[in-house]
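Take a look at the letters that make up each chain.
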Amino acid sequence: MVMTQDELKQAVAKTAADYVAAHLPIGGIVGVGTGSTANFFIDELAKLKARVGATVASSEATKKRLEGHGMKVLDLNEVGSMPVYVDGADEITAKLEMIKGGGGALTREKIVAAVADRFICVCDQSKLVDTLGKFPLPVEVVPMARAHVARELVKLGGQPRLREGLVTDNGNVILDVHGLAIGDPAGLETAINQIVGVVSNGLFAKRPADLLLLATPEGVRMLTA
């Protein structure tokens, strides 16, 4: 069966909503990611408004879409615990380590993921890779440190390029690092975060996903590390 990428995203979004419906305590809080697959999930989650107490958005765009469905959105600082966070990935391995940030929301996504008890990644089978790095690694940087951070990233073996025309929700810029084959995702995540001027980077290895819902033409697979 031939399915379009949007049909695969729709299928995995529905599976994620079904998972939330089965596991979320009534009145529980759901963290919601950013991007095209997350948008499909938001549309499915809206059907569960009676069960979901509130949501936490990882970006202003996600907040706007949630509120458009009439869903309550809380600031993360108002939340003491969060049972589940659902988001996509630009690349993910069998260990559920990821590159995220293609939509520019990596820092807020990483913060929300850190608070959640369970991180559910939703994506289609094209995102599953053996080694991270073919997708350029996003690094969020304080603007005045852009040139310094770029030089340091070159020392780590990357080829950083400024993402033109983008300012993050935090008022920063993004360097997309090309040419990496990331054999030690957690080690590289730590090394990049230690560069002065880096806010965060798109490696989600120190806090990987707990469950991957992977859309394939044969159905949605559930994978754990």
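Remember, predicted model here, so these are calculated numbers, not experimental data.

Conventions we followed
Residues numbered from 1 in each chain as written. Predicted model: local features only at pLDDT ≥ 70, side-chain atom pairs only at ≥ 80, totals over all residues. Heavy atoms only, no water. Salt bridge = Lys/Arg side-chain N within 4 Å of Asp/Glu carboxyl O. Buried < 20%, exposed > 50% of the residue type's maximum accessible area, 1.4 Å probe, protein only. Helix = DSSP H or I, 4+ residues; strand = E, 2+ residues; numbered from the N terminus. Expected span 1.5 Å × (residues − 1). Contact = heavy atoms within 4.5 Å. Lys, Arg positive; Asp, Glu negative; His and termini not counted. Polar contact = N/O pair within 3.5 Å; in protein donor to acceptor, adjacent residues only side chain to side chain.

> I would appreciate a short explanation of the pattern of salt bridges in the present structure.
A pair can form between side chains of opposite charge whenever their charged atoms are brought close. Taken as a whole, this structure holds 10 salt bridges when the rule is applied. Among the salt bridges present, the one from Glu-44 reaches Lys-47, with a minimum N-O distance of 3.2 Å. For Lys-47, a relative accessible area of 63% corresponds to the exposed category. A salt bridge links Arg-163 to Asp-176; the nearest nitrogen and oxygen atoms lie 2.8 Å apart. On the criterion of sequence distance, the pair formed by Arg-163 in the loop between β8 (159-162) and β9 (173-178) and Asp-176 in strand β9 is long-range, its members being 13 residues apart.

> What's the story with unusual backbone geometry in this structure? I'm lost.
Across residues other than glycine, the phi torsion is negative in most instances, and most of the peptide bonds are trans. Even without being a glycine, Leu-96 presents a positive backbone phi close to 65°. Secondary-structure assignment places Leu-96 in the loop between β4 (91-92) and β5 (98-99). Judged by relative accessible area, Leu-96 falls into the buried class, the value being 0%.

> How should I be thinking about helix α1 (residues 5-23) in this particular structure?
Quick reminder: α-helices carry 3.6 residues per turn. Residues three or four places apart thus point the same way. Between its first and last C-alpha atoms α1 spans 27 Å; for 19 residues at 1.5 Å apiece the expected length is 27 Å, and the two agree. Here α1 has its buried residues at Leu-8, Lys-9, Val-12, Ala-13, Ala-16, Ala-17, Tyr-19 and Val-20. If you follow the buried residues of α1, they end up packed against β1 (28-32), α2 (36-45), β3 (82-87), β6 (116-124), β12 (211-216) and β13 (219-223).

> Honestly, the side chain of Glu-140 in this entry has me stumped. Any pointers?
Mapped onto the secondary structure, Glu-140 falls in strand β7 (residues 137-141). We note that Glu-140 is buried and unpaired, the nearest opposite charge coming from Arg-108 at a distance of 7.2 Å. At 3.0 Å, the side chain of Glu-140 and the side chain of Asn-170 are in polar contact. Not counting the four nearest positions on each side in its chain, Glu-140 is found in contact with Leu-106, Thr-107, Thr-168, Asn-170, Asn-172, Val-173, Ile-174, Gly-197, Val-198, Val-199 and Ser-200.

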